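Each chain, written out:
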Amino acid sequence: MRTTKTLVISVVVAFGLMVTTQVANAAPKQTVTFSVTGDCKDEQEMIEGESTNNCKIVVQISPTTPARSAILEQLNDDDGWDQVSKANSKSGKIAFLIDATDADDAWLDGDFTFRVTVKKSGTNKVARSDEYIFTFINAESLVEDGEGTGEGSVKQGSKSTGNTKLDGILDNIDNKNTKYDDNCTKKFAATDCNFMFTTSGPDWTKLTPTKWQTMCEQLLNQTTANCKLMYGRSAPPPRSGGSGGSGGSGGSGGSGGSIAQQETMIKNACTVAGIPDCAPVVKAFTSPTPPTYAEMMTLLKDKMDAFFRAMSSSGSGGFCSSGGSNNQPK
């Protein structure tokens, strides 16, 4: 009987040691966070002569063990990702420098998109950062564009919606301290936010009318009509048909059509929108001076949204105007 008891106790002790050993070898669950530091924090522009080459994407891992491996990737022209560098965590931290200069030590110019991927480790899954778009502006571009303060751009100088309040909003969008972009990434993709808020106003070449409309209404707190009025007003997107002449009543906004073609599209839009008397509308939108917002409200009233939708579906890139820089909303 004594022997049996001793055997039972030995088994219990051995089993307890086995459980203890398994728990000790289990990897702790880690939390991985990402942040951006340096002059590019909050994805501000890196300007040659004003900014310091100190832009970093920082990975913080808690608890600090086990060590993790991570890679820095850059978006290429084919929408794929190229590995730029890799590193292992030290004391739970990895910092990737986003170098502002190229191999020849020349300051970069343009937008560059990066992300960081922390590789799987044991039971800890892969962790991936948001996509960060960093804008670098070299000294040559500053001279050409006449910008550098982050509070305006020559690209914005030719816009006019005919409404002082809306023009003021467009001016404020290109201010790097603008309040409008504060919550952008909470509602929209980071890439779209960067297209929406640049130092020269919205990037119309990449920000489609549909994206602009939603972002404008939610971030700028504007009505549908106001947002359509504002679209394309600053630095209109280049189109294959050209941007119209710079001194007269040539095609506007790149639609490339004649006055007669424009008139036909406007008349069709009037019909679709249910506007019985279209003659004043045609006259207003084909004149050298585009109608103001107040004039459009008088002409179109509650048919404004339907009218612009009809114009957009007809393939019109805009209305005839002088200078080709006063695109109407699509």
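Refer to the preceding data block for the structure.
K.L.:
So what about the overall build of the protein chain? Which residues, and what values?
P.N.:
A count of helices and strands for the protein chain gives 11 helices and nine strands. By residue count, 42% of the 330 residues in the protein chain fall in the buried class. Taking as baseline every contact in the protein chain between residues at least 6 positions apart, the subset at least 24 positions apart corresponds to 62%. Only carbon and sulfur atoms are counted for the fraction: they give 51% of the accessible area of the protein chain, which is about 17400 Å².

K.L.:
Which residues make up the sheet that holds strand β1 (residues 31–37), and what values go with them?
P.N.:
Strand order in the open sheet made by the three strands is β1-β3-β6, with antiparallel pairing throughout. Each having just a single partner strand, β1 and β6 (93–97) make up the two edges of the open sheet. Averaged over all pairs of adjacent strands, the angle between their axes in this sheet comes to 15°, without regard to strand direction. Bridge analysis of β1 against strand β3 (residues 56–62) gives seven bridges, and the strand direction is antiparallel. When the bridges of β3 are listed, Ser35 appears paired with Val58.

K.L.:
How would you explain the pattern of salt bridges if you had to name every residue and give the values?
P.N.:
Under the definition given, this model contains two salt bridges. Between Arg115 and Glu73 there is a salt bridge whose closest N-O contact spans 2.9 Å. Of this pair, Arg115 sits in strand β7 (residues 110–118) while Glu73 is found in strand β4 (residues 69–75), placing the two residues 42 residues apart along the sequence. Here Arg115 and Glu73 have matching classes, each one buried. A salt bridge links Lys211 to Asp192; its shortest N-O distance comes to 3.1 Å. With Lys211 in helix α6 (residues 209–219) and Asp192 in helix α5 (residues 190–196), this pair connects stretches of sequence that are 19 residues apart.

The rules behind these values
Residues numbered from 1 in each chain as written. Predicted model: local features only at pLDDT ≥ 70, side-chain atom pairs only at ≥ 80, totals over all residues. Heavy atoms only, no water. Helix = DSSP H or I, 4+ residues; strand = E, 2+ residues; numbered from the N terminus. Buried < 20%, exposed > 50% of the residue type's maximum accessible area, 1.4 Å probe, protein only. Contact = heavy atoms within 4.5 Å. Areas by Shrake-Rupley, 256 points an atom, 1.4 Å probe, with all protein chains shown as cover. Pairing = 2+ DSSP bridges. Axes fitted to C-alpha atoms, helices over the stretch in contact; angles between N-to-C directions. Salt bridge = Lys/Arg side-chain N within 4 Å of Asp/Glu carboxyl O.

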